[in-house]
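Residues per chain are reported as follows:
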Amino acid sequence: MDKEKKSSQMLADIIGEIMLSKKANDVVIMNLKPLPNTICDYFVVCHGNSFVQIQTIRDAVIDEVRKAVSEKPWHVEGANDSEWLLIDYQNVIVHIFLNRAREYYKIEDLWADAEFSHLKDTAAGADKTVSV
């Protein structure tokens with residue numbers, strides 16, 4: 001595995017852990033690398049139950065990724081009253097939804113051929129369950 005591909009996987013894993021630390025719901029890492037003509041290597045997707053929670057998740061991802069791997073987002077989208085926040089790290093794109101927006105847009109269905117890793121928060125830490 002080349003360094004760039006390995007680092008994008010590591011970044012996706014770190015982001016998933018940060019989301020779990022902020023009590024994000026249904027955290028999913030979508031591996032898009034096996035698919036042709038994709039815009040990035042990974043999507044990391046979650047949802048929160050309120051505007052405040054999704055803003056907190058967004059802020060934590062940006063701050064903690066900067067501390068962990070000294071990487072800043074290339075682009076951030078979504079205002080404080082948005083139901084869908086996006087953080088673009090080029091090879092990893094983060095989608096943070098309000099729960100009703102995630103149900104409406106069904107981003108996982110749009111990329112159903114991706115490899116999915118569902119993260120669950122356990123007492124011993126994050127537990128990655130892989131399903132395809």
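Procedures and definitions
- Residues numbered from 1 in each chain as written.
- Predicted model: local features only at pLDDT ≥ 70, side-chain atom pairs only at ≥ 80, totals over all residues.
- Heavy atoms only, no water.
- Phe/Tyr/Trp six-rings, centres within 6.5 Å; stacked < 30°, edge-to-face > 60°.
- Helix = DSSP H or I, 4+ residues; strand = E, 2+ residues; numbered from the N terminus.
- Buried < 20%, exposed > 50% of the residue type's maximum accessible area, 1.4 Å probe, protein only.
- Salt bridge = Lys/Arg side-chain N within 4 Å of Asp/Glu carboxyl O.
- Patch = residues over 30% accessible without salt bridge, like charges linked within 9 Å, V, L, I, M, F, W, Y side chains within 5 Å.
- Areas by Shrake-Rupley, 256 points an atom, 1.4 Å probe, with all protein chains shown as cover.
- Polar contact = N/O pair within 3.5 Å; in protein donor to acceptor, adjacent residues only side chain to side chain.
- Contact = heavy atoms within 4.5 Å.

(A) Examining the packing of aromatic side chains more closely. Scanning all chains against the criterion turns up five aromatic pairs. Ring centres of Trp84 and Tyr105 lie 4.8 Å apart, and the angle between their planes is 45°; on these two criteria the pair is classed as tilted. On the criterion of sequence distance, the pair formed by Trp84 in strand E4 (residues 84-88) and Tyr105 in helix H3 (residues 99-105) is long-range, its members being 21 residues apart. For Tyr105, a relative accessible area of 40% gives the class partly exposed. Three or more aromatic residues joined by ring pairs form one cluster here, namely Trp84, Phe97, Tyr104 and Tyr105.

(B) Main features of the pattern of salt bridges. All chains considered together, the criterion is met by five salt bridges. With a shortest N-O distance of 3.4 Å, Lys67 and Glu64 are connected by a salt bridge. Separated by three residues within a single helix, Lys67 and Glu64 lie in helix H2 (residues 51-69), roughly one turn from each other. Between Glu83 and Arg100 there is a salt bridge whose closest N-O contact spans 2.9 Å. With Glu83 in the loop between strand E3 (75-77) and E4 and Arg100 in helix H3, this residue pair connects regions lying 17 residues apart in the sequence. Residue class for Glu83 comes out partly exposed when judged on its relative accessible area of 30%. By relative accessible area, which is 47% here, Arg100 ends up partly exposed. Here the residues in one salt-bridge network are Asp26, Arg102 and Glu108, joined through shared partners.

(C) A nonpolar patch on the surface, seen in detail. A cluster of nonpolar side chains, contributed by Trp84, Tyr104 and Tyr105, occupies part of the molecular surface with about 360 Å² of accessible area. Take Tyr104: its relative accessible area is 64%, and that puts it in the exposed class.

(D) Main features of the side chain of Gln53. Looking at the secondary structure, you find Gln53 in helix H2. Gln53 sits in the buried class, given a relative accessible area of 15%. At 3.5 Å, the side chain of Gln53 forms a polar contact with the backbone oxygen of Lys22. At 2.7 Å, the side chain of Gln53 forms a polar contact with the backbone nitrogen of Asn49. Here Gln53 is in contact with Lys22, Lys23, Ala24, Asn25 and Gly48, once residues within four sequence places are set aside.

(E) Structural view of the environment of Ile57. In this structure, Ile57 sits in helix H2. Separated by 35 residues in sequence, Ile57 and Lys22 have C-alpha atoms that sit 6.0 Å apart. Once residues lying within four places of it in the same chain are set aside, the contact partners of Ile57 are Met19, Lys22, Ala24, Cys46 and Ile96.

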